[in-house]
Amino acid sequence: MLLGASLLGVLLFSKLVLKLPWTQVAFSLLLLYLGSGGWRFVRIFIKTIRRDVFGGLVLLKVKAKVRRYLRQRRTVPILFASTVQRHPNKTALIFEGTDTHWTFRQLDDFSSSVANFLQARGLASGDVAALFMENRNEFVGLWLGMAKLGVEAALINTNLRRDALRHCLTTSRARALIFGSEMAPAVFEIHASLDPSISLFCSGPWDPSLVPASTEHLDPLLEDAPKHLPSRPDKGFTDKLFYIYTSGTTGLPKAAIVVHSRYYRMAALVYYGFRMRPDDIVYDCLPLYHSAGNIVGIGQCLLHGMTVVIRKKFSASRFWDDCIKYNCTIVQYIGELCRYLLNQPPREVEKRHQVRMALGNGLRQSIWTEFSGRFNIPQVAEFYGATECNCSLGNFDSQVGACGFNSRILSFVYPIRLVRVNEDTMELIRGPNGVCLPCQPGEPGQLVGRIIQQDPLRRFDGYLNQGANNKKIAKDVFSKGDQAYLTGDVLVMDELGYLYFRDRTGDTFRWKGENVSTTEVEGTLSRLLDMADVAVYGVEVPGTEGRAGMAAVANPTGSCDLEHFAQLLEKELPLYARPIFLRLMPELHKTGTFKLQKTELRKEGFDPATVKDPLFYLDARKGRYLPLDQEAYTRIQAGVEKL
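The rules behind the values
Residues numbered from 1 in each chain as written. Predicted model: local features only at pLDDT ≥ 70, side-chain atom pairs only at ≥ 80, totals over all residues. Heavy atoms only, no water. Domains from an automatic or database assignment. Patch = residues over 30% accessible without salt bridge, like charges linked within 9 Å, V, L, I, M, F, W, Y side chains within 5 Å. Areas by Shrake-Rupley, 256 points an atom, 1.4 Å probe, with all protein chains shown as cover. Salt bridge = Lys/Arg side-chain N within 4 Å of Asp/Glu carboxyl O. Helix = DSSP H or I, 4+ residues; strand = E, 2+ residues; numbered from the N terminus. Pairing = 2+ DSSP bridges. Buried < 20%, exposed > 50% of the residue type's maximum accessible area, 1.4 Å probe, protein only. Right-handed = clockwise from strand over helix to strand, strands pointing away. Disulfide = S-S within 2.5 Å. 1 Å grid on protein atoms, 1.4 Å probe; cavity = no way out; pocket = protein on both sides within 12 Å on 5 of 7 lines; lining within 4 Å. Points joined across faces, edges and corners; volume = space filled by probe spheres on them. Nonpolar A, V, L, I, M, F, W, Y, C, P; charged D, E, K, R; others polar. Axes fitted to C-alpha atoms, helices over the stretch in contact; angles between N-to-C directions. Contact = heavy atoms within 4.5 Å. Phe/Tyr/Trp six-rings, centres within 6.5 Å; stacked < 30°, edge-to-face > 60°.

Attention now goes to the domain arrangement of the chain. Interface size is often expressed as the accessible area that is lost when the parts come together. Taken domain by domain, the chain holds domain 1 (65-313), domain 2 (402-504) and domain 3 (508-638). Taking the mean C-alpha position of each, domain 1 and domain 3 sit 41 Å from one another.

A cluster of nonpolar side chains, contributed by F41, V42, F45 and I46, occupies part of the molecular surface with about 350 Å² of accessible area. Tracing the backbone through its elements, the reader meets V42 in helix α2 (residues 22-71).

This brings us to the sheet that holds strand β8 (residues 240-245). Strand order in the open sheet formed by seven strands is β7-β6-β5-β3-β4-β8-β9, and the pairing between neighbours is mixed. Only two strands of the sheet have a single neighbouring strand rather than two, namely β7 (216-217) and β9 (255-259). Both strand β5 (residues 176-180) and strand β6 (residues 199-203) contribute to a ladder of five bridges, which runs parallel. Residue pairing across strands places F179 opposite C202, the latter belonging to β6.

Here we come to the pairing of strand β4 (residues 152-155). A two-sided burial pattern is seen for β4, the buried positions comprising E152 and A154 on one face and A153 and L155 on the other. Both strand β3 (residues 128-132) and β4 contribute to a ladder of four bridges, which runs parallel. Paired with V128 across the two strands is E152, which belongs to β4. Once you follow β3 into helix α5 (residues 137-149) and on to β4, the crossover reads as right-handed. Here three bridges tie β4 to β8, and the two strands are oriented parallel to one another. Looking at β8, one finds that L155 is bridged to I244.

A few words now on the state of the cysteines. Counted by the stated rule, this structure contains zero disulfides. Lacking any disulfide linkage, C202 is separated from the closest cysteine sulfur, that of C168, by 19 Å. According to the relative accessible area criterion, C202 is buried, its value standing at 0%. Looking at the unpaired C439, the closest cysteine sulfur is the one in C436, lying at 10.0 Å.

The next subject is the layout of surface pockets. Taken as a whole, the second largest pocket spans an internal volume of roughly 650 Å³. Considering the residues around the second largest pocket, the lining is formed by 26 residues, among which N406, S411, F412, I416 and R417 are closest to the centre. At the level of secondary structure, the elements contributing two or more residues to the lining of the second largest pocket comprise α2, β17 (416-419) and β18 (445-450). Classifying every residue of the lining of the second largest pocket gives 16 nonpolar, four polar and six charged.

The next subject is the pattern of salt bridges. Taken as a whole, this structure holds 36 salt bridges when the rule is applied. For the salt bridge of R583 with E604, the shortest nitrogen-to-oxygen distance reads 2.7 Å. Of this pair, R583 sits in strand β26 (residues 581-585) while E604 sits in helix α17 (residues 599-604), and the two are 21 residues apart along the sequence. Note on R583: relative accessible area 5%, which makes it buried. Overall, the relative accessible area of 29% leaves E604 in the partly exposed class. The closest approach of N and O atoms between E600 and K603, which form a salt bridge, is 3.6 Å.

This next bit is on the packing of helix α3 (residues 76-86) against helix α10 (residues 291-304). Interaxial distance between α3 and α10 falls to 7 Å at its minimum, and their mutual angle equals 65°. For the pair α3 and α10, the contacting residues are V76, L79, F80, T83 and R86 in the first and C301, L302, L303 and H304 in the second. Grouping the amino acids of the contact of α3 with α10 by side-chain chemistry returns six nonpolar, two polar and one charged.

Turning our eyes to something else, we now look at the packing of aromatic side chains. As enumerated under the stated definition, the model contains 23 aromatic pairs in all. Summarising the aromatic geometry, the rings of F117 and F201 are spaced 5.4 Å apart at their centres and angled 80° between planes, so their arrangement reads as edge-to-face. A residue pair is termed long-range when its members are at least 10 positions apart, and F117 in helix α4 (residues 104-120) and F201 in strand β6 qualify at 84 residues. A single burial state applies to F117 and to F201, both of which are buried. On the basis of an interplanar angle of 55° and a centroid distance of 5.6 Å, the ring pair of W143 and Y263 is categorised as tilted. Placement of the pair is W143 in helix α5 and Y263 in helix α9 (residues 260-273), with a sequence separation of 120 residues.

Mapped onto the secondary structure, A632 falls in helix α18 (residues 630-638). C-alpha of A632 to C-alpha of P608: the two residues are 24 residues apart in sequence and 9.6 Å apart in space. Among residues more than four places away in sequence, those in contact with A632 are Y617 and P627.

Laid out in structure tokens, this is it:
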């Protein structure tokens, strides 16, 4: 701002007072600009203009389509109908488990039979039906059929049981529950406590003795249902499509609302931003009850006519064999999946594939280059986003380690920002005017996105639970009177505007006066331990400031060489970042999207009376890990053992 005012002052003084010719005025302005540090702007401009122009064009293209679909009251089923019309006989879905191929016409017919059947059973637009099923073609056809009728699907995480499962069904107010036969035992457990009015339908192999008494076998009922397109429901582009539940790592799952425009926006930004093609074949081994598998993956089939290969569950040993068998050109990943692939012994088959792009989020920077190099993948299409967020990012030019970018030249075009937070409490830091303070390059901050409810690209649809919405919205963030969505994630931006994921809010902790990033430490430890699962978190120690680092390590064989490990840590991590406590476990619990569950680990801490797994603590003077028994624990609690 000050530089701009100075340049304007020089311009006016040179022309109006000194009456210099324009060539001399321009030369003077250039000298002043460069002398004031403007050369940095020139450097940034040269290095990022191509990236920024491409990103801007992608945004404008998606925005134009969104406005048109909003005006025309399009929905996902209507957009899918256009796809079917373009190529009805092209393969839409392939289920790897049975090698079942569905064309777009077959998917259309199946989903229409679902809509007609549910309508005959009394469900109508605005009702909710829960879907509790493992990955397969029918999963897509079922929720798509519900959408054709205007029924909102509650997509239930297949890992949920008892209280969590009952909670999801109750909060969604589902009138019907469609479940796969593989989930029958879980439904049986909660059946007695469900609302008696809820209709139960089972899809898959049928055994009446294994399902609740009131359950009907869905498959023959759908075969007999009409396949014509039902009458169009009164739904528009910003109406509800389905609900996706959060992983529930910190309490019961919350139902995030996905509207038709959000489904389109997430799929389209990925499609155009990463230069996908209609003839691409996507390998989707991610859970279809989450947005990565169902929107980013399946969305390319429904909206852009791509073939998607569905696998029931991720298999590291079969991953590349599947890609070769089905000629896949794009593979999806999330969380730690890439690390699991690297942990497999090298095979000749892993480079005989035709994969040109790995698409996903959560690829650690520490293994990025190794992953793309070993498996010969030219493009890593890393993105940042969450089901409910309004500030998605895309790494459109494969910058190593980045999850996206924001223009340094025209930062106002895309209304996102990193804002300063207190890294102890994670509270937003505000200036004298009450507005949040933006971060400078290299300064970590929480990612926020301005909420504009009238704009489908900027709106926040939130959760069914209004109380959960309030925790994700802050006021006076960009300017007085505005609202912004809080991602809860800490990122860092470099000088060129590339953004790098650092931690989820609450995961960063302070030790020895320094901030410790659990994500970075986990990446280092996992690499040193041959890609083992590692969860890093902070634990309180009496008489010390901050929290001491603790690492839970998956060590099923019990063969971890802690002396060698401590020596490696000394070279790799500064003293404050080295875990003080180690917990060796047979395995670590993860969510369906490979997120490590740390809540219980934090609660249990490092008390050997509570924790039955082998525990160790770092003796800083000896530089090695020693067994943490009750006697050592007592010394640490009393402050006798210095950490």
